[in-house]
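# Coordinate inspection notes
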Amino acid sequence: MDLKQHIRHVPDFPKPGILFYDITTLLRHPQGLKAAIERLAMPFADARIEVVVGIESRGFILGAAVAERLGAGFIPVRKPGKLPARAIKEIYDLEYGKDALEIHADAVEQGQRVLIVDDVLATGGTAAATAQLVRKLGGELHGLAFLIELLALGGKSRLAGENVYSVLQY
Ligand code: AMP
């Protein structure tokens, strides 16, 4: 199954000059959704992953399905102010300005084997911040899995030393 065929490219979204990789056209396709989850989870089938950490918001959709497939639990990483219980925050740099992500302070147990999942690896800032949150809580980060990697943006270099896997590359 050619997953790329089902990913919609939207120019100038959310702002001029950005080419947005829209996965909603893949998610709505029954075989496309199944194949995407299988290909994201497959490399980690024997990795004894205990929890998948998904990044708001498309990482929730993919991450929860991957977790179920791996027999793991699921933990959300969210934009500030969304999580109800006590959370820890990681602030990271964007191209212009800063952003932040949060995780519940008691979400990851000491030494738990963690897989981070998101839809797109672009500059890697979001994923690097999420990796920091997992480590701050004492999690053992086994790897990071993305449906799409935008090679020109060099996200992997911000995740040096990590086990980074992507299903599709552009
Ligand atoms: P980055 O921190 O630059 O790696 O950006 C990753 C986050 O932004 C992911 O959560 C993606 O969902 C989103 N993102 C960045 N660039 C794109 C893009 N061109 N198309 C779709 N989503 C993107």
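What this report covers is the structure whose coordinates are included nearby. (Residues numbered from 1 in each chain as written. Predicted model: local features only at pLDDT ≥ 70, side-chain atom pairs only at ≥ 80, totals over all residues. Heavy atoms only, no water.)

## Some points on the overall build of the protein chain
Summing up its helical and strand segments, the protein chain has four helices and nine strands in all. Helices and strands appear in the protein chain in the N-to-C order β-β-α-α-β-α-β-β-β-β-α-β-β. A compact globule built from 170 residues would reach a C-alpha radius of gyration of about 15 Å, and the protein chain, at 15 Å, matches this within 12%. In terms of principal-axis extent, the alpha carbons of the protein chain reach across some 40 × 40 × 30 Å. (Helix = DSSP H or I, 4+ residues; strand = E, 2+ residues; numbered from the N terminus. Rg over C-alpha atoms; globule rule 2.2 N^0.38 Å.)

## As for the site of the ligand
The environment of the ligand is formed by 13 residues, the closest being R58, D118, D119, T123 and T126. Separating an oxygen atom of the ligand from a side-chain N or O atom of D119 is a distance of 2.6 Å. Separating an oxygen atom of the ligand from a backbone N or O atom of G125 is a distance of 3.4 Å. In isolation the ligand offers 490 Å² of accessible surface; the protein chains occlude 82% of this area. Secondary structure elements with two or more residues in the shell around the ligand: strand 2 (19–22), strand 7 (113–121) and helix 4 (125–136). Partitioning the shell around the ligand into residue classes produces six nonpolar, four polar and three charged. (Near = heavy atom within 4 Å. Polar contact = N/O pair within 3.5 Å; in protein donor to acceptor, adjacent residues only side chain to side chain. Areas by Shrake-Rupley, 256 points an atom, 1.4 Å probe, with all protein chains shown as cover. Nonpolar A, V, L, I, M, F, W, Y, C, P; charged D, E, K, R; others polar.)

## Here's the deal with the sheet that holds strand 9 (residues 164–169)
Reading across from one edge, 4-3-7-8-9 is the order of the five strands in this open sheet, with parallel pairing throughout. Across the chains shown, the open sheet's two edge strands, defined by having one partner strand only, are strand 4 (73–77) and strand 9. Direction aside, neighbouring strands of the sheet carry axes that sit 20° apart on average. (Pairing = 2+ DSSP bridges. Axes fitted to C-alpha atoms, helices over the stretch in contact; angles between N-to-C directions.)

## Quick notes on the nonpolar core
Within the largest apolar cluster, 27 residues are counted, with the highest numbers of intra-cluster contacts made by I49, V52, V66, L70, L115, L147 and I148. Contributing elements (two or more residues each) for this core: helix 2 (30–41), helix 3 (58–70), strand 7, strand 8 (140–149) and strand 9. The dominant element in this core, judged by the number of residues it contributes, is helix 2, at five residues. Apart from the residues lying within four places of it in its own chain, the contact partners of L70 are A41, F44, A45, I49, V52 and L115. In this structure, I55, I103, L121 and L133 belong to the second largest nonpolar core, which totals 25 residues. (Core = buried A, V, L, I, M, F, W, Y, C linked by side-chain atoms within 4.5 Å. Buried < 20%, exposed > 50% of the residue type's maximum accessible area, 1.4 Å probe, protein only. Contact = heavy atoms within 4.5 Å.)

## Observations concerning the packing of helix 2 against helix 3
Two elements in contact, helix 2 and helix 3, have axes whose closest approach is 9 Å; the angle formed by their N-to-C orientations is 65°. The handedness of the crossing between helix 2 and helix 3 comes out as right-handed. Between helix 2 and helix 3, the contacting residues are I37, E38, L40 and A41 on the first element and L62, A65, V66, R69 and L70 on the second. The residue inventory of the contact of helix 2 with helix 3, partitioned by class, reads seven nonpolar, no polar and two charged. (Left-handed = near helix turned anticlockwise from the far one by under 90°.)

## Brief notes about helix 2
End to end, helix 2 covers 17 Å across twelve residues, agreeing with the expected 16 Å (1.5 Å per residue, within 8%). All of the buried residues along helix 2 are G32, A35, A36, I37, L40 and A41. Here the buried face of helix 2 lies against helix 1 (24–27), helix 3, strand 8 and strand 9. (Expected span 1.5 Å × (residues − 1).)

Distances and angles like these do not, on their own, reveal function.
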